[in-house]
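As a plain string of letters, each chain reads:
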Amino acid sequence: MSFDPLFSLIRRYTREPLWKVGLAFVSLMFAVLIWFVGLQDSFSRPSVTPTISMQQQEMALLADQAVPAAIRPLLVGEDPTLALQEALGEIPLSQMNDRQRLLLAGLQSSGAERRELLAASVQSPLLIPLQQALLASTQEGGLSLADREALGSLSGDPLLQQVGCFALGGDRDDCVNPRVASSMALRLVLSVVLPAAALLAGTGLLLRHLWMLLRKSVAPWPPLQALPLSLTDMVLLIACGFVVLGEVIAPAFVAPLSALMTRGMDSPLSKAVTVVIGYGALALPPLLILRQQLRSLQATDRPVDGWLQWRLQPWGSALLKAGRGWLMVMPLVLLTGWLMGLLLGDQGGSNPLLELVLRSKDPLALMLLATTAVLLAPLFEELVFRGALLPVLAKSFGPLWGVVTSALVFGVAHLSVGELPPLFVLGLGLGLLRLSSGRLLPCVLMHALWNGVTFINLLLLGG
């Protein structure tokens, strides 16, 4: 089978050199294959949603004693103890870790069920004393000296300490740490009430904007200054630079360097360093290609505010537009994720970085992960998807299809079927912000705000 007629047809309409068209075509075929395999593999990656839900329920139980009765249903629910017991009970016994088995055993009222859960040996030396104490406990006469020693070794796990204390017959004064309860209550407020307030504000802004659209009172968008690049250039940028070189070839080259640099590091820090190096390897090839593409353009045709329309000034309006965009897109993204879960269930495939943030306690590791998520990712992804790709697509197909297509590529590029619809909606919001503001900076700030709020929420739940 010969592709010469196809290349000739493409060359006739694009007026591109044959080598460029051929390279773009081959890169596109490889990119489609790589993305197809990546999306399929996402089904085998675990979802972080159950972990987040479990963390919220654990925090609710710890915060229960410090939450005023008037807002208990909102923050901790009617019975956080029962809610956690039911959540743990849904995990197959064969998949439970030692901590989960001890938690569920401590929450049981039946001695027979408790003994069944504690029958298997516990591997962690810190948890063995609690297992033995629970097996020997009669829950009469309060806490013995051995019980208190077993609980004292769990100071780093206040929930297991509290649940074990009550299970061994302790009272509220023995088992509840007021400082921990107050801290967990504050975290719940920050992780539940503030996002809920932002959701209400965003819904109000969205409805107001729709009303203004109906009344045709929305200010017209500024003219779009598209890069004088072709669709072939964009295929080379995304398919060749981002996918083939960035997602496959470059990471393979830097893997030995990453392994060498992280040798001897503890697990959280080594994983964080690997993430930073890996993201740098992903970003470098497309950035170099884009740099070369921009250098090939005529300097005399360069707009006053640059090829990519960064327009760094004024900062205040950029921050305001980014904040408004974040608030307005939040209800739509959350609604899309909720509908996905309702119709299709949890498809898995969560970004591994989410689990790293949720589990890590290393400050340096968290700082590196925050740098990647809140600084590097927004800068790189907005530069490629809204700075270069969107304007070229909008020039070729019109603003609407430019926004839709760039958002779809943005969503697929994250290689997760479960996260694709919410990311597509987020990409739509970022694309509309790019066109309505006429600037790239608000998109970077909005993307950073989205990732930053997610990062902080994970820290609140993980701590």
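Presented here is a report on the structure given in the accompanying data block. It should be emphasised that the depicted structure is a prediction, and the values quoted were computed from it without experimental measurement. (Residues numbered from 1 in each chain as written. Predicted model: local features only at pLDDT ≥ 70, side-chain atom pairs only at ≥ 80, totals over all residues. Heavy atoms only, no water.)

With that out of the way, let us pick up the state of the cysteines. Here the structure, examined in full by the defined rule, presents one disulfide. The partner cysteine of C165 in its disulfide is C175, sulfur to sulfur 2.0 Å. Residues C165 and C175 are joined through a disulfide that is left-handed, its torsion about the S-S bond being -75°. Of this pair, C165 sits in helix α10 (residues 158–167) while C175 sits in helix α11 (residues 172–175), and the two are ten residues apart along the sequence. We classify C165 as buried; its relative accessible area is 3%. (Disulfide = S-S within 2.5 Å. Helix = DSSP H or I, 4+ residues; strand = E, 2+ residues; numbered from the N terminus. Buried < 20%, exposed > 50% of the residue type's maximum accessible area, 1.4 Å probe, protein only.)

Of the positions making up helix α9 (residues 145–152), those classed as buried are D147, A150 and L151. Looking down the long axis of α9, one finds its buried residues gathered within 95° of arc, a one-sided arrangement. Pointing more than 90 degrees away from the buried face of α9 are the exposed residues L145 and E149. Each element contacted by the buried residues of α9 is listed here: α8 (128–136) and α10. (Arc of directions from axis to C-beta. Contact = heavy atoms within 4.5 Å.)

Our next topic: the pattern of salt bridges. Applying the stated criterion to the full structure yields seven salt bridges. Between D64 and R72 there is a salt bridge; the shortest N-O distance is 2.5 Å. Among the charged side chains, a salt-bridge network with shared partners connects E58, R99 and D157. (Salt bridge = Lys/Arg side-chain N within 4 Å of Asp/Glu carboxyl O.)

Here we take up the packing of helix α18 (residues 399–412) against helix α19 (residues 420–437). At a minimum axis separation of 8 Å, α18 and α19 run at an interaxial angle of 140°. With respect to α19, the axis of α18 lies oblique. As for how α18 packs across α19, the hand of that crossing is right-handed. Contacts from P399, V403, V404, A407, L408, F410, G411 and V412 of α18 reach α19 at L420, L423, F424, L426, G427, L428, L430, G431, L432 and L435. Among the residues forming the contact of α18 with α19, the class breakdown is 15 nonpolar, three polar and no charged. (Axes fitted to C-alpha atoms, helices over the stretch in contact; angles between N-to-C directions. Parallel < 35°, antiparallel > 145°, perpendicular 65-115°, else oblique. Left-handed = near helix turned anticlockwise from the far one by under 90°. Nonpolar A, V, L, I, M, F, W, Y, C, P; charged D, E, K, R; others polar.)

Remember, this is a structural readout, not a statement about activity or role.
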